[in-house]
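# Structural description and commentary
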Amino acid sequence: MAVPDFLSSAFRFTTLAAVTDVNTIIAGLNTELVTNGTWTDTGGTGVGPFKSEVGVDGTFFTLTVARLSATEIQYTVNDWTGILVYNPRQVIDAGGVNVIIASGPDYVYVESGTATPTAFMCCRLRDWPETPGNVNPNFVCTTGPLTAAGGATNRYWNLWYSCPAQTRTYGANGFIINRDPYGVTTHLISPSGALIFTPFDFADDSDFYLGRVPQVVILDSGLAWGAEYTLTIDSGVTAVFQVCTFVSLSSRRIAIRKA
Amino acid sequence: MAVPNYLGSSYRYLCTPTGVDVAAALTAIGTELVASGWTDNTGNSYTSPVDAVGRFITANFLRESAQTLSLEVFDQLGQSLLQREARIDVTAGVNNLAHIFTGQFHVHIEFQLPNGTGEFLCGGILDLSPEAQDAHTKWAYGGGTRANGGTVNGDGPHYLNMYGSGSASNTTRIIQYENSGIGGALIYTKAGNYMFHPREVFCTTATVTMAYCGRTYQSVLVTARFNSYSKIKIPIDGSTLGTFLVSGMTSRYGLTLAIRIA
C-alpha cells in the first residue's frame, strides 16, 4: 500500500506561547505560511491577505485576517474566484494562551488554548482518491468557533464550503461522515491495541461526497486534548498527530499532523 | 495512489448452474478453491494457502440436502466460526445459479435464485494493513444467510461470524458510511462517480468493544441502487478498473456487497 493521499502533503506545526494579542497570531501565520511555507502574502506587509499554494489545476484560496481587538480575530476565507466561503471569529484570553498553528500548502489550523480550547480551520478538500476520470471540484471549506457576528457556531464537525462550479454561494453546510453502524459504537482501536485512524471526510446536504481534510485524522473517543499519538500510516511508516479541540461524532477525537 | 492492499490478493470467479440440487455447485466449489491454491482435505473440506505470517482457515462444506448447502469455517486454532446455511429453490424445473468467488484469502458462494434474490456462504481472512498482518489474531471470519437449522439471521453485507471474546457469534460487524446531517449512505462524488467503500470489520475482544479488525479481501460496499447481479467497473486506483458482481443479499445502510470477478 502507500501513504494515503491526504497525508502526503507538506505540513508544519508550531506553538506560540503566552499569546496576549492576536497580532501575534497574525505574525505567526505570516511566518508559518509565507516565510516557512509556500503561501504568498498578497498584501506584502506581513499581515496578508495570505494566498495558499496554487494547485496544479490553478485553484487556491485566500485567508484574510483582521484584528477586531487584542483578544479577538476574524478569519475571512475566499475561494479562487473571490467568493466568500465564510468569515468566522476566534478569541484568546487577555491573560495569555498558547496558540497552535498547523499548516500546509492548502490548509491552516489555529487552536486557541483558552479554558475551553477553540479552533479555526480552513482548507481545500482533497478528492476521493479512487476517483476516475471525473474529478471533484476543489471545495474550499472553513469552520470556526464563532460566527461572523461573534455567535457560537457549534460547527466543529460541520463546515461551510464553497465551490464556484456548483453553487456560487457560501454558507452551505457540509457534514462529517458517520462510520458507526446504527445503534452500535465502534472503536478505532485494533485488537493489537494500536490506534486506527479514518479520514476527516465530509459530505454535502445530500448523498454526495465533498472531500477530506489534508493532514487531519479521526481517532477513537476518549483521547486527551493535546496528547500526541504515533500512528502507522503505511506499512512501516509512522506519523505523529496531536489531538485537537474538535470533537467528532461518537465523541471521537480529531488530530492534526505534527511530525 | 496504489491499489489498496485488500484488493491486491488473488481472485477467481465462476458462475455455474446448479439446477435444483446444490451438489453440482459443491463440485465446482472444490475445483475453484483448488485452482485458487487451497488444499483439498477430502470430504469437501478445504484449507486456504498459508500466508507469509502463517495464517490460514479451513472451510468445511456439507450438502445437507438437495436444497441446502452449509459451510463451517475454522480458524487456524481449529475454532469454529459457526456453521451457516444457504438454500436454493428446488421447485421442479427451475434453475439456480451458483456464483463462486475464491482467492487466497476468501471464499464467497452465492446462489442466485430464480426470483432474483440471493443466499450466500462466506469465509476468509482479513487484511490488517497498515498494521502487520500478524498484529492481532482477530482476522478469521465466516458467514451465511442462514443459521444452522435454516433461520435467516445473516442476510446482508453487515453480518459476519467471528471469534470474539470467548466464543464465535454472528452479528453486525461493519460500519456504515452515512451522511451525519441527513442520514443515508454516501453514493456519489460531486463529479458524479459512484463511490465504493471497503468492508471494514469490527469484533468485540476481551478488552475493546467493537474493535477495528481489518477489511475483507476482494469485496467492497456499493450503493444498493445497483441491481443485484450487475457487473460494475470500479476504479481501484487512479488508473485501474476492477470488475465486481453486485450481490443479491439484502442491503443494509443503503449499501450492498460487490465481489471482485475481474
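Residues numbered from 1 in each chain as written. Chains lettered and ligands numbered in written order. Predicted model: local features only at pLDDT ≥ 70, side-chain atom pairs only at ≥ 80, totals over all residues.

Time to look at the overall build of chain A. Tallying secondary structure elements over chain A gives one helix and 18 strands in all. A burial count over chain A gives 48% of its 259 residues as buried. At a minimum sequence separation of 6, the contacts of chain A that also span at least 24 residues come to 52%. (Helix = DSSP H or I, 4+ residues; strand = E, 2+ residues; numbered from the N terminus. Buried ≥ 20, exposed ≤ 12 C-beta atoms within 10 Å, placed from the backbone. Contact = placed C-beta atoms within 7 Å.)

Since one α-helical turn is 3.6 residues long, residues separated by three or four positions face the same way. Over its 14 residues, helix 1 (residues 22–35) of chain A extends 19 Å from the first C-alpha to the last, a length consistent with the 20 Å expected when each residue adds 1.5 Å. The set of residues buried in helix 1 of chain A consists of A:V22, A:I25, A:G28, A:L29, A:N30, A:E32 and A:L33. (Expected span 1.5 Å × (residues − 1).)

So, on to unusual backbone geometry. The peptide bond linking A:G48 to A:P49 adopts the cis configuration, its omega dihedral lying at 0 degrees. Mapped onto the secondary structure, A:P49 falls in the loop between strand 2 (40–41) and strand 3 (50–51). Between B:S129 and B:P130 the backbone carries a cis peptide bond, its omega angle lying at 10 degrees. With respect to the secondary-structure elements, B:P130 resides in the loop between strand 9 (118–127) and strand 10 (140–144). Even without being a glycine, A:Q215 presents a positive backbone phi close to 60 degrees. Looking at the element boundaries, A:Q215 is found in strand 15 (residues 208–221). Even without being glycine, B:Y253 reaches a positive phi, approximately 55 degrees. Checked against the element boundaries, B:Y253 lands in the loop between strand 19 (241–246) and strand 20 (255–260). B:Y253 gets classed as buried once you count the C-beta atoms within 10 Å, which come to 22.

Right, let's get into the sheet that holds strand 4 (residues 58–63) of chain B. Pairing between the strands of a sheet is mediated by backbone hydrogen bonds and can be parallel or antiparallel. Residues and elements named next belong to chain B. Read across the sheet, six strands follow the order 2-3-4-5-6-11 without closing on themselves; strand pairing throughout is antiparallel. Two strands bound the open sheet, and with one partner strand each, they are strand 2 (39–40) and strand 11 (146–147). Bridge count between strand 3 (residues 45–47) and strand 4: three bridges; the pairing is antiparallel. Note on strand 4: the bridge partner recorded for T47 is T58. The sheet strands contacting helix 1 (residues 23–35) are strand 2, strand 3, strand 4 and strand 5 (68–74), and the helix crosses strand 4 at an angle near 160 degrees. (Pairing = 2+ DSSP bridges. Axes fitted to C-alpha atoms, helices over the stretch in contact; angles between N-to-C directions.)

With that settled, consider the interface of chain B and chain A. Listed as interface residues are 44 residues of chain B and, on the opposing side, 44 residues of chain A. Of all the secondary structure elements, the ones that give two or more residues to the side of chain B that touches chain A are strand 14 (178–179), strand 15 (188–189) and strand 17 (211–223) of chain B. The greatest single-element share of the side of chain B that touches chain A, amounting to three residues, is contributed by strand 17 of chain B. Residue composition of the side of chain B that touches chain A, by class: 23 nonpolar, 16 polar and five charged. Across two bridges, strand 15 of chain A lies against strand 15 of chain B in parallel orientation. Each residue of the ladder has a partner; that of A:F208, found in strand 15 of chain B, is B:Y188. (Nonpolar A, V, L, I, M, F, W, Y, C, P; charged D, E, K, R; others polar.)

The values are spatial; any link to function lies outside them.
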